[in-house]
Amino acid sequence: MQVALTGATGFLGLRLLRRLLDTHRSLTLLAHAGSGNALRRVTRYFELTGAPAALTATLPDRLRVVETDLALPRLGLSERAFQELADGIGTIWHSAGSINLEGDLPELRRTNVEGTRHVLELAAASRLRPRVHHVSTAFVAGARREGVAYEDELKDTCGFENAYERSKYEAELLVHAWSREHGRPVLVLRPSILVTDLPPHPDLPAHPLLVIERILRDALRAAGPQCDSGASPCVPGSHAGRRPRVRMVGHPHGRLNLLQVEHAAEVMVRLAGRTPSGGVDTYHVVHDRDVPVPTVVALLERLVPLSVELVADRPGTPSALEALLDFYPGMTAYLAHRRRFDDTRVRALLGPSAASSRVDLDYLWSGLSPHARLLPGPPGPPATPSASARCA
């Protein structure tokens, strides 16, 4: 029986694929139709990350690619093709989704909610009653910024920091409803913010934190040349020749949970090997030590020529740059978080191997700076990279 994986060419999906190939002879990749040659992209990842040449050479024989569209009923397949696909699958890993913090809710629902609905329809159509492993996010905890978020919690009492969080929350509601209706077990995996120390490369999926650099640089450019020079019209208190100062709402003792994506994939695959309870088993796949917000601020200042000042409340008279950044609350809201994600179940099941190595400023910088470490270049000509309320 085949294991099917959505999102196999994504930031997490590639790492899951690598782990799954350790225990499965072959896999079916449900790749987005029209997104390019999935097998080529997977092969390039294996080459760039030092996989054994013998393993890479077997990929065409071990991977079957089926082009689908998660936003469409029957995944965009004919009725016959959909049923044939369903009846050949013993396990479904649903890793595909949009992590666009700037996206609007209808757009994100098409991918994250309707995509989940259609994957569950595939599982329901199969005569093999496949197990479903659904990749969610720890941030379904929403806009509650303090306290402890537990795995059994799934509430919208505090609202959400952005549309992405809400869409993933709604997708989890679908998973619970489907499990109850069909009497089928589902594994829900909630990773925190996934990071890597593998430097950027045009043939690899973009590091999730690179979107923050792009937003900050776009805001700097849009604010005008004064921001480039640090002149006072850009930010109150700035002086010519110095970095522009930007005030962001945040807590000096805040913390964010950042987890190595490679470790996340390992933990997820090991959890998937456990005997299911029969209902929805939910696990926080998170780091055992949070990263202090000042470390995140230091990273931002290293990425972009800015000086970040954490403030308790949004400035009453924002500068041009600060006003522009207000358009991206989904990014800046996390600097005020002090909550912790409980992962007692994972640590009880996996013991010391659930712990992660340290994520510090140097580690984060390695994964975001193209000069931190060199990877083999692509074959042929060089490619050009493509460019809230508090609730305690």
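Just so you know, these numbers come straight off a predicted model, no measurement behind them.

Draft legend 1. Molecular detail of the overall build of the protein. For the protein, the count of helices and strands is 14 helices and 15 strands. Taking all 392 residues of the protein together, 51% fall into the buried category. For the protein, the accessible surface area stands at approximately 17,500 Å², while carbon and sulfur atoms represent 52% of it.

Draft legend 2. Region of interest: unusual backbone geometry. The phi angle at L75 is positive, at roughly 60 degrees, despite the residue not being glycine. The residue L75 is located in the loop between strand 3 (63–68) and helix 4 (79–86) in this model. Residue classification places L75 among the buried positions, given a relative accessible area of 1%. In this structure, R129 is a non-glycine residue whose phi angle is positive, near 50 degrees. Counting through the fold element by element, R129 comes out in the loop between helix 5 (105–125) and strand 5 (131–135).

Draft legend 3. Looking closely at the packing of helix 4 against helix 5. Two elements in contact, helix 4 and helix 5, have axes separated by 8 Å at closest approach and are oriented at 70 degrees. Put simply, helix 4 runs roughly perpendicular to helix 5. Here F82, Q83, L85 and A86 of helix 4 lie close against helix 5, whose contacting residues are E121, L122 and A125.

Draft legend 4. How the structure looks around helix 9 (residues 261–272). Taking 1.5 Å of rise per residue, twelve residues should cover 16 Å, and helix 9 covers 16 Å from first to last C-alpha, within 8% of that figure. Within helix 9, nine of the twelve residues are buried, which leaves it mostly tucked inside the rest of the structure. Residues of helix 9 that are buried include every one of V261, H263, A264, A265, V267, M268, V269, L271 and A272, and no others.

Draft legend 5. Here's a closer look at the pattern of salt bridges. Applying the stated criterion across every chain yields a total of 24 salt bridges. We note a salt bridge from E262 to R15, for which the minimum N-O separation is 3.4 Å. Pair noted here: E262 is in helix 9 and R15 is in helix 1 (residues 13–20), with a separation of 247 residues, a long-range link. The exposure class of E262 is partly exposed, given its relative accessible area of 29%. Look at R15 and you get buried, because its relative accessible area is 5%.

Criteria and thresholds
- Residues numbered from 1 in each chain as written.
- Predicted model: local features only at pLDDT ≥ 70, side-chain atom pairs only at ≥ 80, totals over all residues.
- Heavy atoms only, no water.
- Helix = DSSP H or I, 4+ residues; strand = E, 2+ residues; numbered from the N terminus.
- Buried < 20%, exposed > 50% of the residue type's maximum accessible area, 1.4 Å probe, protein only.
- Areas by Shrake-Rupley, 256 points an atom, 1.4 Å probe, with all protein chains shown as cover.
- Axes fitted to C-alpha atoms, helices over the stretch in contact; angles between N-to-C directions.
- Parallel < 35°, antiparallel > 145°, perpendicular 65-115°, else oblique.
- Contact = heavy atoms within 4.5 Å.
- Expected span 1.5 Å × (residues − 1).
- Salt bridge = Lys/Arg side-chain N within 4 Å of Asp/Glu carboxyl O.

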